[in-house]
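Here's the letter readout for the chains.
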Amino acid sequence: MADGGDGKGTGANFNPVKRTAEISWQIREAIRAALPAPREQFFTVMVPGKVVNFADYSEGFDSDGNQTAPILPTVTELNQAILCDDMPTLSPVQLGPTGKSVARSYDAAISKLVPAEYTGSTVGVDVKDPNSLTEDEARYKKAMEWLTFADPANKGKTRIDVYTEKQRDYTNVVEQKTKAFNDALQLVKDDPRNNTIPLQRAAYDVWVSEHARTFRNLMQGAYMDWVVSGKKEEVEYWFSIVDRDSAMARVEASKSAMRMAVVQDTDGSVEYQKVRLEPSDWAIKAKKKALSGKNQLRTVEWYTWEITRLQKMNGMLTALRNVRSPIVHTFRLLIEAPPQKKPIDLPNAPGPATEEQKALDEAMADFIDKRQAWQDASANKDVDEAKKKEANDAYRAARKKVNEQEAKLNSANIQGLNSRSTIAQDKLYNNLQGDAGLAATEIKNNEDQIARYEQEREALLSKTSTSSGTLVNEIGDEAGIPKAQPDPEAQRANDEEDYFTAITVEVESASSTESSQSHATSWSYGASASYGWWSASSSGSHSNASSQTESHMAKNSCKISFECMRVDIQRSWLRAELFYDADLTTGPNEFISPGFAQLRDLMEGQQPGATPESIEKDLERYSTFPMYPTAFLLAANVVLEITGETTDIQTSFQESSTSASAGFSYGPFLSVSSSYSQSDSSSDATCDATADGCRITLKSPQIIGWITQMVPALPRLRNQPAPA
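Cut-offs applied
- Residues numbered from 1 in each chain as written.
- Predicted model: local features only at pLDDT ≥ 70, side-chain atom pairs only at ≥ 80, totals over all residues.
- Heavy atoms only, no water.
- Phe/Tyr/Trp six-rings, centres within 6.5 Å; stacked < 30°, edge-to-face > 60°.
- Helix = DSSP H or I, 4+ residues; strand = E, 2+ residues; numbered from the N terminus.
- Lys NZ or Arg CZ within 6 Å of the ring centre and 35° of its normal.
- Disulfide = S-S within 2.5 Å.
- Buried < 20%, exposed > 50% of the residue type's maximum accessible area, 1.4 Å probe, protein only.
- Salt bridge = Lys/Arg side-chain N within 4 Å of Asp/Glu carboxyl O.
- pLDDT = per-residue confidence, 0-100.
- Contact = heavy atoms within 4.5 Å.

1. Quick look at the packing of aromatic side chains
Part 1 of the argument: For the structure on display, the rule yields 18 aromatic pairs.
Part 2 of the argument: Consider the rings of W282 and F632, whose centres lie 5.2 Å apart with planes at 75°: the pair is edge-to-face. Taken together, the residues W282 in helix α10 (residues 282-292) and F632 in strand β11 (residues 627-643) connect sequence positions 350 residues apart.
Part 3 of the argument: Three or more aromatic residues joined by ring pairs form one cluster here, namely Y106, W573, F579, F625 and Y628.
Part 4 of the argument: Over the aromatic face of F42 sits the side chain of R28, whose NZ or CZ is 4.9 Å from the ring centroid.

Here it is as C-alpha cells:
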C-alpha cells in the first residue's frame with residue numbers, strides 16, 4: 001500500500017504518480033459501471049497496461065477464429081498460462097506487475113488448510129481405557145474390525161484387500177479405454193486423407209461408433225465387479241468412519257490435479273499450470289476490433305473535429321468552383337503542335353497515331369521482303385558472295401527501320417495518352433465549376449452534414465452537462481423503482497456477436513479537481529515500482545521528454561473512449577470449493593482471507609477508523625491468496641480527446657515518429673514504442689490537432705485490468721481475531 005501525497009496541483013507539488021492513480025481510478029469506475037460484477041469479485045486496473053502480441057496467442061486458430069486443431073498448440077497454451085499466472089495487487093490500482101504466481105500462491109494457501117475439527121490425532125489412537133470406549137472410539141473399533149476381517153469369498157484376503165484389487169482392475173480398464181481413444185485420434189490425424197478438421201472429426205466419430213460400446217461394456221463389467229465382489233459401498237462407508245481427515249484428501253486431489261495440468265517452458269526448465277480462456281479466440285477478436293479502426297463512439301470532440309474538417313473542405317471546394325479552368329491552356333497546346341505530330345485532339349478519339357502506324361506497316365512489309373530475299377540468296381549456291389552480302393545488309397537495314405518506327409509509334413502513343421489525361425482533367429475542372437457543378441453539390445451536402453452534426457452535438461452537450469437522466473435514475477434506484485428491461489424487439493446492427501462494450505469517461509484537469517474529493521486513495525506498487533511508473537519506456541535524453549509529455553497529458557482534461565472485452569479464465573486444477581468446505585479451516589495463526597466485505601474495504605481503503613499503517617498490516621496478514629484472477633479486461637481502439645494546451649504533446653508525438661524507442665502512456669493506456677514493431681499488434685498511435693487540443697488514437701489492444709474472485713473468510717469469521 002502506498003500513498004503518493006497530493007497529486008492534484010499543477011505547480012511544483014504536482015505528483016504524476018498520484019495523478020495517474022486518480023485517472024486510473026476514474027477509468028476503473030467507468031468500467032465497473034459498464035461491466036458490473038458480483039460483490040465477491042474485485043476489479044484492479046493495471047498501470048501500465050500490457051500490449052497484446054497477437055502472434056503469441058493466435059496459433060491454432062484461423063483468421064475467422066475457428067480452432068484448426070483438436071488441441072491448442074503447446075506454444076499457445078504456454079503463453080496463455082504465463083499471461084494468467086500473475087497475481088494482481090490488493091488495491092484498485094496496480095502500478096506495475098507483482099511477480100507473484102497464482103499457482104504457487106494457491107498451493108501455499110491450500111497447504112494452510114486443516115480439518116475443521118482437528119484434534120491432533122485420529123480417533124482410536126492413544127485410547128486411554130480400552131474397556132471404556134467413547135462412542136467415537138467404539139465406532140472406530142467396529143469399522144477397523146469390519147475392514148480387516150477376512151473376506152469369505154477370497155481366502156487369505158481381507159475386505160480392504162479385495163476392494164483395492166477390484167478398484168485396480170477398474171482403473172486398468174479405464175486407462176485402456178483412454179489409451180485406445182487417444183491412439184485412434186492420433187491415427188485419424190496422421191491419415192493424409194483427413195486433411196481438414198471436419199474430416200478428422202468425421203473419421204474419429206466413425207471409430208468411436210464402432211468401439212465405444214465395447215469399452216463401455218468392459219468398464220461397466222469392471223465397475224459392477226468392484227461394487228459387488230469388492231463391496232465398494234460398504235467399504236467406503238466404514239472407511240469414512242476411520243478416515244476422519246477425508247476433507248484433506250480433497251486438498252491432496254487438488255494438488256495432484258495441479259501436477260497433472262502443466263505445460264513446460266520452451267527449455268523445459270519451468271512448468272506453468274494450464275488455463276482455458278473464454279472466448280477461446282479472444283486474440284483473433286481483438287485483432288479484428290483493432291483493424292476495424294473505430295470504436296463507434298461519437299463524442300462532443302468528435303463532432304467538433306468533423307464539423308471543422310467539413311468546413312475546411314467547403315473552403316477548398318469553393319475555391320475550385322470559382323477557379324478558371326486550365327482547359328484554354330490545353331487547347332492552345334493542341335493548336336500550336338506541329339501538324340505531323342499533332343496528338344489526338346479528343347479524349348475519346350480511337351486508335352494510335354495514324355501516320356506513325358502507317359510508317360510502321362510499310363517498314364514491316366519491307367522487312368519481310370528483305371528477310372526472304374536474304375534467306376533465298378543464302379540458300380542458292382549459284383549466287384556469289386557479294387550479292388549475298390548485299391542481301392544481308394538490306395535485311396539488317398530493314399530490321400533497323402522497323403525498330404525505329406516502333407519507337408516513334410510508342411512515343412506518339414504516350415504523347416496522345418498524356419493529352420487524353422490532361423483533357424480529362426480539364427473536364428473535371430469544368431464539372432466542378434459553377435453553381436450547378438459538382439463542387440456546389442458537394443458543398444451543399446457538407447453543409448447539411450454540418451447542420452446535422454451541430455444538432456447532435458448540442459443534444460450531447462445538453463445531455464452530458466445536465467446529467468438529468470443520471471439523477472433521475474439515482475433517485476429511482478433509491479425509491480426502489482426497477483430499471484427498464486431490454487427491449488425484446490431491439491435488433492442488432494449485424495448478426496456477428498460483438499464481445500466488446502463501448503465505454504466513455506471524462507477526466508477533469510488537475511487544477512479543476514483541487515476542490516473535489518479524491519477517490520484514488522488506495523493504490524499499490526507492483527514489483528517494478530522501484531524504477532518509477534513515470535519513467536516511460538524510452539531511453540536516453542528522450543526519456544525526459546516522454547515523462548514531460550505524460551505529465552502534460554495528465555494535467556489536462558480528457559475525454560476517453562474505448563471498447564472493452566472481458567476474457568474469462570478457467571483453471572481446472574483450482575478447486576475453489578475447498579475454501580467454502582465446512583470441514584476445512586486454517587491452522588493456528590494462519591490467515592488466508594478476512595471475508596468479502598472486509599477485504600474489499602481494506603483494498604479500497606474504506607475501513608472506518610483504520611489508519612494506512614493498520615490497513616497495510618492487515619493486508620500483509622492476508623497476502624498469501626485472498627483472491628485470484630478469474631478474468632482480464634482487454635481494451636481496444638482507445639481515443640483520448642485532450643483539451644487545453646497540447647503543443648508540447650503534439651510536438652513529442654511528431655518527434656517520437658523518428659525515435660528508436662519512444663512510448664507514452666495515460667492511465668492504464670500505453671502507446672507502443674517502435675521496439676514493439678516486431679509484434680503483430682496493430683500498434684499504431686496517432687496524434688491530431690483539434691479545435692481545443694488534440695486527439696490521440698491508440699489502436700493497440702491491451703490488457704488494462706483483472707477481475708478477481710475473493711476468497712471467503714479463512715479462518716471462519718467465528719474464529720477470527722479482532723482487527724488490529
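2. Things to note about the state of the cysteines
Part 1 of the argument: Applying the stated rule across the entire model yields zero disulfides.
Part 2 of the argument: Free of any disulfide, C558 has its nearest cysteine sulfur in C694, 8.4 Å distant.
Part 3 of the argument: The exposure class of C558 is buried, given its relative accessible area of 3%.

3. Considerations on the environment of M144
Part 1 of the argument: Its place among the elements puts M144 in helix α5 (residues 135-148).
Part 2 of the argument: Judged by its relative accessible area of 30%, M144 is partly exposed.
Part 3 of the argument: Spatially, the C-alpha atoms of M144 and F239 are 8.1 Å apart, while their sequence positions differ by 95 residues.

4. Things to note about the pattern of salt bridges
Part 1 of the argument: Here the structure, examined in full by the defined rule, presents 26 salt bridges.
Part 2 of the argument: The partner of K166 in a salt bridge is D225, and the shortest N-O contact between them spans 3.0 Å. One end of the pair, K166, is in helix α6 (residues 159-190); the other, D225, is in helix α7 (residues 197-228), with 59 residues separating them in the sequence.
Part 3 of the argument: Taking the relative accessible area as the measure of exposure, K166 reaches 14% and is therefore buried.
Part 4 of the argument: In this structure, R193 engages D191 in a salt bridge whose closest nitrogen and oxygen atoms are separated by 2.7 Å.
Part 5 of the argument: Counted as one network, the salt bridges with shared partners bring together R28, E29, R32 and E604.

5. Comments concerning the confidence of the model for the chain
Part 1 of the argument: In this model, the chain carries an average pLDDT of 75, and 70% of its residues clear a pLDDT of 70 or more.
Part 2 of the argument: For the chain, the element scoring lowest by mean pLDDT is helix α12 (residues 327-336), at 44; strand β6 (residues 276-278) scores highest, at 93.
Part 3 of the argument: Considering only residues more than four positions removed or in separate chains, one finds that residues 1-10, a stretch of pLDDT under 50, has 37 contacts.
Part 4 of the argument: For the stretch residues 513-523, pLDDT sits under 50, and the model shows 35 contacts to residues farther than four places along the chain or on other chains.

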